[in-house]
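Secondary and tertiary structure notes
The primary structure of each chain is shown beneath.
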Amino acid sequence: MASNENDLEVHKAKSAAAGVTGVRVALQRAVSQMGVRNASKTLRKLNQADGFDCMSCAWPDPDPEHRHVAEFCENGAKAVAEEATKKRAGTEFFARHSIAELDAQDEYWLGQQGRLTHPMVKRPGGTHYEPISWSAAFSLVAEHLNGLDSPDEAIFYTSGRTSNEAAFLYQLLSRADGTNNLPDCSNMCHESTSVALAESIGIGKGSVSLRDIYDAELIVIAGQNPGTNHPRMLSALETAKLRGAKIISVNPLREAGLVNFRNPQKPRGVVGTGTQMADLHLPIKINGDLALFQAIGSLLVRWDALDHEFIEAHTTGVAEWAEHVHDVDWTVVEAATGLSAAQITEAAQMIRDSKATIYCWAMGLTQHRNAVATIKEIVNLALARGDIGKRGAGLCPVRGHSNVQGDRTMGIWERPPEHFLDALQAEFGFDPPREHGFDVVDSIRALRDGKASVFIGLGGNFIHASPDTDVTIDAMRKASLTVQVSTKLNRSHLVCGETALILPTMGRTEKHMTAAGEQYVSVEDSMSSVHASRGPLAPASPLLRSEVEIVAGIAEATLGDRHGIDWPGMAIDHGIIRHHISRVVPGCEDYSAKVDRPGGFVLPHPPRDSRTFKTKSGLGEFVVSPIEVLQVPDGHLLLQTLRSHDQFNTTIYGLSDRYRGIEDGRRVIFVHPDDISALGFKDAELVDLVARWDDDDIERVAESFRIVAYDTPRGSAAAYYPETNPLVPLDSTASGSNTPTSKSVVIEMVPLGTGRSHASTGGAQDAVGADDSHKSHPEPVHLS
């Protein structure tokens, strides 16, 4: 780690090929952290049918007979090394370091201290965590939960790493206790996808399989960087390319993984030139995607390049949509996208000429005010071309956490459907709460406003995953109790309530033995495939408990024999949980038998399987949305937050982002060279970043960022999270999904050291527009 972020070494980004170098780096890191024996033992079982599922991204595995011996990517190997590290953070570690001392360290340092080994507690007024027994910890949680005036004063947060079995048990605990306050990390990422797809096609999941990727004629990848966030996706894209597919990349940054890929599994990747990926790159301005897809739709309508047979049989609303997009204002489109009519026409021609097109997207589309509308516009294109329920075609939202989709399937949702609650009632004999609960943003508000006082986090790092960091910190410190179920130390253990618990849990790499024998868990990937996961290693500490055991322990201590639920039995035998899943969760009948066979099984998906749509109309629904253009004031930039290559969500593996040319640091902001000079700065200059939101007087400043001249559209900027999360206002969320707008933050770069004074004088609010002059993040201008 650099001794000073100001000494950051910046290399100009190169279009280096993704692949071979990364795997070599990851293997070296795996051996250094785990040792040769455990590195071999884990990596040989990673993503194998008889092994464990990667705790990193949710990209699907090939059929068992087609998997490589090394079925993992660079970041998957890093994730395994982080979890199976030989380092330990035990009781003596917490005795040496006060909470204040630990909170002064950065996230990278915290993560490098090793695995948690013992339950720990911070008492009211305490300065250190101290050991506590499991039974005492469970009793402490029960005391707080049972002492609340209302069950809705408790929040049960879930990370996407949680297994299906633990997730099902967790939502059962929450609802048996009387609340639907079940926020999860999906609220901050693909919630916009879930809302848009459910309303347009009747199910909030993608409609493709891995085989469809291989068979596609055209793949559109929008707002996604596979080389860093889903590296194994590159292998599937390579297969598609070698079979003749074309790829369109839609992204403000030209990311290396979509320029060239050198597959380390193949000779041509090791000694050859690799595979050229994107046939067309559209360097779109931030938040220009809705305008782009409507313009493409306009051209398809004008060319009559529509699948009329499919539209007539399976959709509704096409006439209104066609009329809307036919008259799109191209002046507005070009201003919103930063693209020329010729570039957009070339993309539309590629879609017109393709008989099977897949649309992939990720956070670059879902974290905007108009995210739901943008995703519905993608669905409009797929419906117009008949690209749903067809081989090699469909919708492919790529999830960023290994079981975030499975958690939702298992009932982790603050807005559960009535049929799920009815099934839960029939199975367990109690009437679960029907009132909707808090999502992530509303949970922070509830803690801030004193409407909630107990926070339980099943995995994750809530403090650094959430928007508006300073607001979130203040809210969390108002809690009477915070509980974190974790494998390693993170910020959320240090920013805590009056009483705080750290409950150390087993990870995916570890073997779980109980009185009933060896247990396994199950997970669901981005393409609705569900399969078993079994870790090969002994637990990092004999005191560790599995997530299932921890949830069951809290439930038994809190609820006792209320409702007659056998919590101890499910803790010992996960098969009992899977039996309940088979009777409650749609599509999971005979769950244990199906999930335990090699490769598992695929959940039903009506639009994909039979071109049927469980929408209000019973058809695929075209939706008309106005083009929204954010009016960014002069002297400001529109910022998107993103990951570095040495990062998974809030976990920082290292300080390298080699595909973008950054080494030994993270506090950088990528800006177009012409914007740098126009704003009065120089490349490599240090600045503060200032953002303001119109609904409050909060100063939002992120200090000491080095400017990096980069190939990004004029007016657009990018920087890493969680360092820039303090700039994302809590109340700036996507319409319809309440997802934080982390990809659309209006900021101003100001000289180093002046950010606080600049924010306090409202300098970031100048010249926003005639009707919105008081706003730094204005309401969008609606244009028909």
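The structure displayed is predicted, hence computed values, not measured ones. Going along each chain's sequence as written, the residues are numbered from 1 onward. Residue-level local features of this predicted model are given only where pLDDT is at least 70; pairs of side-chain atoms are given and counted only at 80 or more, and the full residue set underlies all totals for whole chains, interfaces and linings. Think of the side-chain values as coming from all heavy atoms in the structure, minus any hydrogens and water.

1. Here we look at the overall build of the protein chain
Keep this limit in mind: For the purposes of this entry, the term helix denotes a DSSP run of H or I that reaches at least four residues, the term strand denotes a run of E that reaches at least two, and both are numbered from the N terminus. The size measure is the radius of gyration over C-alpha atoms, and the globule rule it meets is 2.2 Å times the number of residues to the 0.38 power. Exposure classes here rest on a 1.4 Å probe applied to the protein chains alone. A residue is buried below 20% of its type maximum, exposed above 50%, and partly exposed in between. In this analysis, two residues are considered to be in contact whenever any of their non-hydrogen atoms come within 4.5 Å of each other. Only the protein chains shown count as cover for residues, with accessible areas throughout obtained via the Shrake-Rupley method and a probe of 1.4 Å. Working convention for charge: Lys and Arg count positive, Asp and Glu count negative, and His plus the chain ends are omitted. To locate a charge, take atom NZ for lysine, CZ for arginine, CG for aspartate or CD for glutamate.
A count of helical and extended segments in the protein chain gives 32 helices and 36 strands. What you see for the protein chain is a C-alpha radius of gyration of 25 Å, in line with the 28 Å of a compact globule of 784 residues. Overall, the C-alpha framework of the protein chain stretches about 65 × 60 × 55 Å when taken along its three principal axes. Burial analysis of the protein chain (784 residues in total) assigns 66% to the buried set. Contacts in the protein chain between residues at least 24 apart in sequence constitute 79% of all its contacts with a sequence separation of at least 6. Summing over all exposed atoms, the protein chain offers an accessible surface of approximately 26,100 Å²; the carbon and sulfur share of this is 49%. Computed over 75 positive and 101 negative side-chain charges, the separation of the two mean positions in the protein chain equals 7 Å.

2. A few points about the packing of aromatic side chains
Applied cut-off: Stacked, edge-to-face and tilted are the three classes for Phe, Tyr and Trp ring pairs, Trp counted by its six-membered ring, which pair at centre distances within 6.5 Å; planes under 30 degrees apart are stacked, over 60 edge-to-face, the rest tilted.
Following the criterion strictly, the structure yields 12 aromatic pairs and no others. Plain terms: the ring middles of F168 and F428 are 6.4 Å apart, the flat faces sit at 45 degrees to each other, and that makes the pair tilted. With F168 in helix α8 (residues 164-177) and F428 in helix α22 (residues 418-428), the pair connects residues that are 260 residues apart, well separated along the chain. With respect to class, F168 is no different from F428; both count as buried. By way of ring pairs, the aromatic residues F93, F94 and Y129 are connected into one cluster.

3. Some remarks on the layout of surface pockets
Under the convention used in this document: Any residue with an atom within 4 Å of a point lines the site, the site being either a cavity, points on a 1 Å grid over the protein atoms alone where a 1.4 Å probe fits but cannot get out, or a pocket, an open set with protein on both sides within 12 Å along at least 5 of 7 lines. Grid points are joined across faces, edges and corners, and a volume is the space filled by probe spheres set on the points. Under this grouping Gly is polar, as are all residues other than the nonpolar Ala, Val, Leu, Ile, Met, Phe, Trp, Tyr, Cys and Pro and the charged Asp, Glu, Lys and Arg.
Of the volumes computed, that of the largest pocket is approximately 1,200 Å³. Around the largest pocket, the lining comprises 35 residues; the ones closest to its centre are G202, I203, G204, W413 and H419. Listing elements by their share of the lining of the largest pocket, those giving two or more residues are α9 (191-201), α21 (404-409), α22 and α30 (606-610). With six residues, the single largest contributor to the lining of the largest pocket is α9. For the lining of the largest pocket, a count of residues per class yields 15 nonpolar, 11 polar and nine charged.

4. Some thoughts on the packing of α9 against helix α20 (residues 371-384)
What counts, and what does not: For helices, the axis comes from a line fit to the C-alpha atoms of the stretch in contact; other axes are also lines fit to C-alpha atoms, and the angle between any two N-to-C directions lies between 0 and 180 degrees. The scheme is simple: roughly parallel for angles under 35 degrees, roughly antiparallel for over 145, roughly perpendicular for 65 to 115, oblique for anything else. Definitions for this section: a left-handed crossing has its near helix turned counterclockwise from the far helix by less than a right angle. A right-handed crossing has that turn clockwise.
Interaxial distance between α9 and α20 falls to 8 Å at its minimum, and their mutual angle equals 45 degrees. Comparing the axis directions of α9 and α20 gives the class oblique. Here α9 runs over α20; the crossing is right-handed. Taking contact as the criterion, the partners of S192, T193, V195, A196, L197, E199, S200 and I201 in α9 are, on α20, A371, V372, I375, K376 and V379. Class assignment of the residues belonging to the contact of α9 with α20 gives a composition of eight nonpolar, three polar and two charged.

5. Observations concerning empty space enclosed by the protein
Overall, the coordinates contain six cavities of 30 Å³ or more when judged by the stated rule. For the second largest cavity, the calculated volume is near 270 Å³. Lining the second largest cavity are 21 residues, with G507, R508, E510, V521 and S546 positioned closest to its centre. Of all the secondary-structure elements, those providing two or more residues to the lining of the second largest cavity are β20 (517-519) and α26 (547-559).

6. Examining the sheet that holds strand β15 (residues 394-397)
To summarise the sheet geometry, strands pair through backbone hydrogen bonds and adopt either a parallel or an antiparallel arrangement. What counts here: Between any two strands, at least two bridges found by DSSP are needed for them to pair.
Reading across from one edge, β12-β9-β8-β14-β15 is the order of the five strands in this open sheet, with parallel pairing throughout. The sheet terminates laterally at β12 (280-282) and β15, the two strands that pair on one side only. When the angles between neighbouring strand axes are averaged without regard to direction, this sheet yields 15 degrees. Across the face of the sheet, α20 comes into contact with β14 (357-361) and β15 while running at roughly 170 degrees to β14.

7. Notes on helix α14 (residues 289-302)
Note that an α-helix has 3.6 residues per turn; residues three or four places apart therefore point the same way. The cut-off we apply is this: An expected span of 1.5 Å times one less than the residue number is assigned to each helix.
Between its first and last C-alpha atoms α14 spans 20 Å; for 14 residues at 1.5 Å apiece the expected length is 20 Å, and the two agree. Counting buried residues along α14, 13 of its 14 residues qualify, which places the element largely inside the surrounding structure. The first or second residue beyond α14 is D304, which carries a positive phi of 55 degrees.

8. A closer look at helix α2 (residues 36-43)
To keep it simple, the criterion reads: Regarding the arc, it is the one traced by the directions from the helix axis to the C-beta atoms.
Of the residues making up α2, those classed as buried are A39, T42 and L43. With its buried residues spanning 90 degrees around the axis, α2 presents them on a single face.

9. Some remarks on the environment of L424
Tracing the backbone shows L424 in helix α22. Between the alpha carbons of L424 and V584 there is a distance of 6.0 Å; along the sequence they are 160 residues apart. Excluding residues that lie within four positions of it along the chain, L424 makes contacts with F168, Q171, L172, R175, G429, P432 and V584.

10. Things to note about the pairing of strand β22 (residues 529-533)
In terms of burial, β22 is largely enclosed, as five of its five residues are buried. Pairing geometry for strand β21 (residues 521-524) and β22, over four bridges, is antiparallel. What sits directly across from E524, in β22, is V530. What sits between the antiparallel neighbours β21 and β22 is a turn of four residues, in which S528 has the positive phi angle 70 degrees.

11. Quick word on the side chain of R608
The following threshold applies: For this analysis, a polar contact is any N or O atom pair within 3.5 Å, provided that within protein one partner can donate a hydrogen and the other can accept it, and provided that sequence-adjacent residues contribute only side-chain to side-chain pairs.
Within the fold, R608 resides in helix α30. One polar contact links the side chain of R608 to the main-chain carbonyl oxygen of L603, over a distance of 2.8 Å. Beyond its immediate sequence surroundings of up to four residues, R608 is in contact with S207, G389, M527, S528, V602 and L603.

12. Quick word on the pattern of salt bridges
Going by this rule: The term salt bridge refers to a side-chain nitrogen of Lys or Arg lying within 4 Å of a carboxyl oxygen of Asp or Glu.
Going through the model one piece at a time under the given rule, you end up with 44 salt bridges. Between D50 and K45 there is a salt bridge, with its nearest N and O atoms 2.8 Å apart. The class for D50 is partly exposed, based on a relative accessible area of 48%. Here D675 makes a salt bridge to R714, at a shortest N to O gap of 2.6 Å. One end of the pair, D675, is in helix α31 (residues 673-678); the other, R714, is in the loop between β33 (700-709) and β34 (716-720), and 39 residues separate them in sequence. The class of D675 is buried, set by a relative accessible area of 7%. Here R714 falls in the partly exposed class, since its relative accessible area comes to 41%. What emerges from the salt-bridge pattern is a single network uniting R29, E74, K78, D646 and R658.

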